[in-house]
Amino acid sequence: MTDTPLLEVRIAKAYTIFFWILYCIPSLFILPYIFIYWYKVRVINRNYIELYPKTLHLYQGRWFVADDDVVYTNAVDHIKIDRSVMGYIFGWCTLVITTRNGQFVYYYMNMKDSEALRNEVII
């Protein structure tokens, strides 16, 4: 007598395909978050403002180029700090700097630093 089976029954291929699809579907929802995180690291974190004695240097990140604008502090008409419920919880705000030439909008800025900037510029 040999130990070879006469009949072998395995799991149906449709069953394994179903579970491969079931395992792949969450990755379709997780994959965009990788790009969102990359966007945050490469673009949003490159947005910052530097205050010098008579000028504001405004940097806004882009995909490969950072925009650099220089605005005189006496040309700033208004600095608006928009706070949201999530902003109060996590300490961020939207900073809108209005000048004679236009508006500069910065998202997810530190709320305390934005208030300090507004107090220094608008006196």
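Worth saying up front: this structure is predicted, and the values here are computed from it rather than measured.

A. Quick look at the nonpolar core. Of all hydrophobic cores here, the largest spans 17 residues; its most connected members are Ile49, Leu56, Leu58, Leu95 and Ile97. Counting only elements with at least two residues in this core, the list comes to strand 2 (55–60), strand 4 (76–82), strand 5 (92–99), strand 6 (103–110) and helix 3 (111–121). Excluding anything up to four places from it in sequence, leucine 56 contacts Ile49, Glu50, Leu51, Asp69, Val70, Val71, Thr73, Val76, Leu117 and Val121.

B. Spotlight on the pattern of salt bridges. Inspection of the entire model under this criterion finds two salt bridges. Here lysine 80 and aspartate 82 are joined by a salt bridge, their closest N and O atoms 3.6 Å apart. A relative accessible area of 42% means that lysine 80 is categorised as partly exposed. For arginine 83, the salt bridge identified is with glutamate 115, shortest N-O distance 2.4 Å. A residue pair is termed long-range when its members are at least 10 positions apart, and arginine 83 in the loop between strand 4 and helix 2 (85–90) and glutamate 115 in helix 3 qualify at 32 residues. Take glutamate 115: its relative accessible area is 26%, and that puts it in the partly exposed class.

C. Main features of unusual backbone geometry. Positioned with a positive phi, tyrosine 108 is a non-glycine residue whose angle comes to about 60°. If you trace the backbone, tyrosine 108 turns up in strand 6.

D. Spatial organisation of a nonpolar patch on the surface. Together, Ile17, Ile21, Ile25, Leu28 and Phe29 make up an exposed nonpolar region whose accessible area comes to about 520 Å². Within the fold, isoleucine 21 resides in helix 1 (residues 13–42). Residue classification places isoleucine 21 among the partly exposed residues on the basis of a relative accessible area of 46%.

E. Layout of the sheet that holds strand 6. As summarised here, the arrangement of the three strands in space is 4-5-6, forming an open sheet in which the pairing is antiparallel. Since the sheet does not close on itself, it has two edges, and those belong to strand 4 and strand 6, each with one partner. Taking the axes of each pair of neighbouring strands and ignoring which way they run, one obtains an average angle of 20° across the sheet. One ladder, built from six bridges, connects strand 4 with strand 5; its direction is antiparallel.

F. Molecular detail of helix 3. Along helix 3, the residues that are buried comprise Met111, Ser114, Leu117 and Val121. Seen along its axis, helix 3 keeps its buried residues to an arc of 120°; they face one direction. Of the exposed residues in helix 3, those oriented more than 90 degrees away from the buried face are Lys112, Asn119 and Glu120. The elements touched by buried residues of helix 3 are strand 1 (48–51), strand 2, strand 4, helix 2, strand 5 and strand 6. The backbone nitrogen of lysine 112 lies 3.4 Å from a side-chain oxygen of the residue at the head of helix 3, namely asparagine 110.

The rules behind each value
Residues numbered from 1 in each chain as written. Predicted model: local features only at pLDDT ≥ 70, side-chain atom pairs only at ≥ 80, totals over all residues. Heavy atoms only, no water. Core = buried A, V, L, I, M, F, W, Y, C linked by side-chain atoms within 4.5 Å. Buried < 20%, exposed > 50% of the residue type's maximum accessible area, 1.4 Å probe, protein only. Helix = DSSP H or I, 4+ residues; strand = E, 2+ residues; numbered from the N terminus. Contact = heavy atoms within 4.5 Å. Salt bridge = Lys/Arg side-chain N within 4 Å of Asp/Glu carboxyl O. Patch = residues over 30% accessible without salt bridge, like charges linked within 9 Å, V, L, I, M, F, W, Y side chains within 5 Å. Areas by Shrake-Rupley, 256 points an atom, 1.4 Å probe, with all protein chains shown as cover. Pairing = 2+ DSSP bridges. Axes fitted to C-alpha atoms, helices over the stretch in contact; angles between N-to-C directions. Arc of directions from axis to C-beta. Polar contact = N/O pair within 3.5 Å; in protein donor to acceptor, adjacent residues only side chain to side chain.

Honestly, it's all geometry; don't read function into it.
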